[in-house]
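In case you want the letters, here they are:
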Number of protein chains: 2
Amino acid sequence: MRRTKAEAKETRQQILLAAEKVFYEKGVAHASMEDVARAAGVTRGAIYWHFANRADLVLELYNSLPMPQEELIARELEAENADVFGVLERVGREWLELLAEDEHRQRILSILLRCDHTGEFAVISERQNDIDDEHMQALEAAFVKAQGQGKLGGAWTPRSAASMLRWVIKGLCSEWLLFGRRFDIASEGKDALRRLFATYSAPTPST
Amino acid sequence: MRRTKAEAKETRQQILLAAEKVFYEKGVAHASMEDVARAAGVTRGAIYWHFANRADLVLELYNSLPMPQEELIARELEAENADVFGVLERVGREWLELLAEDEHRQRILSILLRCDHTGEFAVISERQNDIDDEHMQALEAAFVKAQGQGKLGGAWTPRSAASMLRWVIKGLCSEWLLFGRRFDIASEGKDALRRLFATYSAPTPST
DNA sequence: CAACATACAAACATCGCTGTATGTTAATTC
DNA sequence: GAATTAACATACAGCGATGTTTGTATGTTG
């Protein structure tokens, strides 16, 4: 029954797809490896060959998501006179559009939002937190630049602006994913970002 | 061994306190009822006498949190010339202060943030979603009123303003609770709310 | 002060699921 | 083309926890 390397990769992919489906429907905690195996058309042996355990399987599910090119964005912001708000707003919009189009991303992020974050799954949360931290640092740096250009108005600090942006995007995504995707996230997100960035550049109030 | 009614209530309270402690430290999924029983100084028998199962225990933990007087707030907003933004900003601030002071609330909300939301725990999430929905409706109604008073500027709609407010408060609380409470949520929250409400009343931009 | 209900403790019955160890077949490797 | 090893399937061992049932002593009620 030995399969060729290409077939093995195929099997691994099938397992990931099955895990996505089963975990999404039953929840990570309540789906057994046997459930996943059946959905993938293999036995648990195959799963334990490709993945160490359930936590590893979930982690690989997360890793299977292609992440947006952050370096490319960073380079765009390098220029002295870069339009920071323009770039950030566009990037945020693109992220929401990416999520709106990619059902795999939707399901995997839903799984992660709803699963337990303690014990063996803590590594996954930490992973997400690390990425989040990097994003925050990049965002804050960008807002520092905008501030240097005299474009950050109101009582905003780079940190407060970055936090607010992240909360809005996170809130938007969480609500959309956990609540049955009952609105057009791309268009509503576009509007929300529009309003938010408008407030960043508002003049400092006198009061 | 039969205890008096007062003693029974006492036992129930001890179990809730133990559950809070144990679930917070080990996570709902990885703590056994035996763990909770030991921490409470009783046997599992006592727990199953007072609570149907683990999900019920967690739900009662959530129910043990006194919720802010929403009717009182609603009444404050009833007046024709009510200062909607002033009231909402104050209520938000008070909520953050309440959380900052109450360690039980902190631990219980942390537990709920990190636990699995599928299967038997779905009822708890639904409960929270219902409350969230009510809040959103109340918020939206309040912003409608503000709009009627001509106070809602920018490109804000009552709904978008309400959503943004909720995302900010949720983001603030989640980040604080999940990330080790590493900042002064009351003071930083106050600032964030200040900035946010300032943007609500900003004049509609010409661009 | 019976009779009953309450508030638990202790014992029981399983049971699903996990991880591993072993078996088997077919690709690779040399 | 023999030896090796990759890619699984199958069989196994064992646990840890859950919900329930039974036991029992003590409040409570009429």
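Residues numbered from 1 in each chain as written. Chains lettered and ligands numbered in written order. Predicted model: local features only at pLDDT ≥ 70, side-chain atom pairs only at ≥ 80, totals over all residues. Heavy atoms only, no water.

All right, on to the packing of helix α1 (residues 5–26) of chain B against helix α4 (residues 54–63) of chain B then. Residue and element names in this part refer to chain B. With their axes 10 Å apart at the nearest point, α1 and α4 run at an angle of 95 degrees to one another. When the interaxial angle is binned, α1 and α4 end up roughly perpendicular. In this structure, α1 contributes R12, I15, L16, A19, E20 and F23 to the contact, and α4 contributes R54, L57, V58, E60 and L61. Across the contact of α1 with α4, the residue classes break down as 7 nonpolar, no polar and 4 charged. (Axes fitted to C-alpha atoms, helices over the stretch in contact; angles between N-to-C directions. Helix = DSSP H or I, 4+ residues; strand = E, 2+ residues; numbered from the N terminus. Parallel < 35°, antiparallel > 145°, perpendicular 65-115°, else oblique. Contact = heavy atoms within 4.5 Å. Nonpolar A, V, L, I, M, F, W, Y, C, P; charged D, E, K, R; others polar.)

Right, let's get into the interface of chain B and chain A. Note: interface size is frequently given as the accessible area lost on complex formation between the parts. The interface of chain B with chain A comprises 28 residues on the first partner and 28 residues on the second. Interface of chain B and chain A: buried area, both sides summed, is about 2,700 Å²; carbon and sulfur atoms make up 63% of it. For the pair chain B and chain A, the number of links is 2 salt bridges. For the interface between chain B and chain A, the tally reads 14 residue pairs in polar contact (both at pLDDT 80 or more). If you list the elements that add at least two residues to the side of chain B that touches chain A, you get α7 (103–114), α8 (122–148), α9 (158–178) and α10 (185–200) of chain B. With 8 residues, α9(B) is the largest single contributor of residues to the side of chain B that touches chain A. Residues of the side of chain B that touches chain A, tallied by class, amount to 11 nonpolar, 9 polar and 8 charged. (Buried area = accessible area lost by both parts, 1.4 Å probe. Salt bridge = Lys/Arg side-chain N within 4 Å of Asp/Glu carboxyl O. Polar contact = N/O pair within 3.5 Å; in protein donor to acceptor, adjacent residues only side chain to side chain.)

On to the protein's contact with DNA strand D, then. Close contacts around DNA strand D come from 20 residues, with R2(A), T43(A), T4(B), R44(B) and Y48(B) the closest. Here, DNA strand D places atoms within 4 Å of the protein, and 62% of those atoms are sugar or phosphate. Separating a phosphate oxygen of DNA strand D from a side-chain N or O atom of T4(B) is a distance of 2.7 Å. With respect to DNA strand D, the backbone of M33(B) contributes an N or O atom lying 3.5 Å from a phosphate oxygen. Contributing elements (two or more residues each) for the surface near DNA strand D: α1 (5–26) and α3 (44–50) of chain A together with α3 (44–50) of chain B. Tallying contributions element by element places α3(A) first for the surface near DNA strand D, with 4 residues. For the surface near DNA strand D, a count of residues per class yields 7 nonpolar, 6 polar and 7 charged. (Near = heavy atom within 4 Å.)

It is worth spelling out the domain arrangement of chain A at this point. Residue and element names in this part refer to chain A. What the domain assignment lists for chain A is domain 1 (5–63) and domain 2 (70–200). Taken together, the contacts link 12 residues of domain 1 with 16 residues of domain 2. For the pair domain 1 and domain 2, the summed buried area comes to about 1,400 Å², and 72% of that belongs to carbon and sulfur atoms. If you sort the residues of domain 1 by the area they bury against domain 2, E20, Y24 and Y62 come out on top, with a joint share of 51%. Taken together, the links from domain 1 to domain 2 amount to 1 salt bridge. As a salt-bridge pair, E20 and R107 come within 2.7 Å of each other at their nearest N and O atoms. Our count for the contact surface shared by domain 1 and domain 2 stands at 5 residue pairs in polar contact (both at pLDDT 80 or more). (Domains from an automatic or database assignment.)

With that settled, consider the nonpolar core. If you look at the biggest cluster of nonpolar residues, it comprises 124 residues, and the most contacted ones within it are F23(A), F143(A), Y200(A), F23(B), F143(B) and Y200(B). Leaving out residues up to four positions away in the same chain, Y200(A) has contacts with F85(A), F143(A), K151(A), L152(A), G153(A), W156(A), A161(A), M164(A) and L165(A). (Core = buried A, V, L, I, M, F, W, Y, C linked by side-chain atoms within 4.5 Å. Buried < 20%, exposed > 50% of the residue type's maximum accessible area, 1.4 Å probe, protein only.)

Bringing the packing of helix α6 (residues 84–101) of chain A against helix α8 (residues 122–148) of chain A into the picture now. Residues and elements named next belong to chain A. The interhelical angle for the contact between α6 and α8, taken along N-to-C directions, is 150 degrees, at an axis separation of 9 Å. Taken as axis vectors, α6 and α8 run roughly antiparallel relative to one another. Contacts between α6 and α8 involve V84, F85 and L88 on the former and, on the latter, L139, A142, F143, K145 and A146. Counted by class, the contact of α6 with α8 contains 7 nonpolar, no polar and 1 charged residues.

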